[in-house]
Amino acid sequence: MDKKEFTVSEVIDSIGISGHTWLVFVLLIFAMIFDGYDFMIVNTTNLFVAHTFWPNEANPGALMGSLTTWGLLGMVIGGAIGGILSDKYGRKTMLTIAVIFYGLFTLPQAFANDLVFFAVFRMIAGLGVGCCIPIVTTIFSESIPSKNRGVFITFGMAGMVAGWVLAGLIGNPISNATEPIIPGLCELVEYVETTPTGEVVSNTMYANWRLCYLIGALPVIYGIVLFFCLHETPHWYANSGQLEKACERLTQIEMATRHTEHAYDPKYLVVPPKPAKTSVTV
């Protein structure tokens, strides 16, 4: 056992890219893909949702905009509190909760019968969607060697963009299907619309957009995967005063990478002090 001071970052850097690194990357990028899907699916389906809840409005642009706004409002609040909660309760714990949370509250949107119900659950789900982003970024920062951190964070966060693309690839064909995909759930909707020539005409569709929100509930299952496969970061253990657990986690990471057992002594683990709060007087 080395009897010299060390930090968590120094150990992570010395281990380098490892199987642990790639496991974290894969787990987080899928979390961001689901996150991106749940964020963008309302933009893909909002015209169909508007026709369902506002069938007599030929130009439902205002309603379409409001459907997107409610989700964004939830994301702003979730993003503001996500990092704070993960500092207190742990990265793994809060990411797992956030993923399950937005999946769980996306599900009721598939069964919404009016705008208010849909908007409320859209905003609530947005809390989890927004909460994920700072937590994922933090886990990347605490788990990836410093010289490779930027690349992994860039590609990891690109998972959200991949989720946006999937929302379009999945949502468009489902919403435009001419037959009910799930009879009984995807009801027939009669609505009016404005043609390119300005004429208001009657039309019909099936509310197949509901299936898109059933798919959006899959993160509930993925949250269980995170619970069993993702480990807490040694940085969080160290910063929360659990030095022994931080050292145990560093040993586990090294064993999984180099297949060598190196016991790190908590007495020599240096935890950088938190920035002191400063007051400004005028």
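Refer to the structure printed above.
Residues numbered from 1 in each chain as written. Predicted model: local features only at pLDDT ≥ 70, side-chain atom pairs only at ≥ 80, totals over all residues. Heavy atoms only, no water.

(A) Up close: the packing of aromatic side chains. Throughout the structure, instances matching the rule amount to 18 aromatic pairs. When the centroid spacing of 5.9 Å and the interplanar angle of 75° are considered together, the rings of phenylalanine 53 and tryptophan 209 count as edge-to-face. Taken together, the residues phenylalanine 53 in helix α2 (residues 19–53) and tryptophan 209 in helix α7 (residues 209–215) connect sequence positions 156 residues apart. Here phenylalanine 53 falls in the buried class, since its relative accessible area comes to 16%. Between the aromatic rings of phenylalanine 101 and phenylalanine 105, the centroid separation amounts to 4.6 Å while the plane-to-plane angle is 45°, which identifies the pairing as tilted. Here phenylalanine 101 pairs with phenylalanine 105, and both are found in helix α4 (residues 91–106), just four residues apart, close to one helical turn. A connected cluster of aromatic rings, assembled from ring pairs, spans Trp22, Phe25, Phe140 and Phe152. Over the aromatic face of phenylalanine 227 sits the side chain of lysine 92, whose NZ or CZ is 5.0 Å from the ring centroid. (Phe/Tyr/Trp six-rings, centres within 6.5 Å; stacked < 30°, edge-to-face > 60°. Helix = DSSP H or I, 4+ residues; strand = E, 2+ residues; numbered from the N terminus. Buried < 20%, exposed > 50% of the residue type's maximum accessible area, 1.4 Å probe, protein only. Lys NZ or Arg CZ within 6 Å of the ring centre and 35° of its normal.)

(B) Geometry of the pattern of salt bridges. Applying the stated rule across the entire model yields four salt bridges. Residue aspartate 87 pairs with arginine 91 through a salt bridge whose shortest N-O separation is 2.6 Å. The shortest N-O distance in the salt bridge between arginine 91 and glutamate 142 comes to 2.8 Å. Taken together, the residues arginine 91 in helix α4 and glutamate 142 in helix α5 (residues 115–143) connect sequence positions 51 residues apart. Given the relative accessible area of 10%, glutamate 142 is considered buried. Linked by salt bridges that have partners in common, Asp87, Arg91 and Glu142 make up one network. (Salt bridge = Lys/Arg side-chain N within 4 Å of Asp/Glu carboxyl O.)

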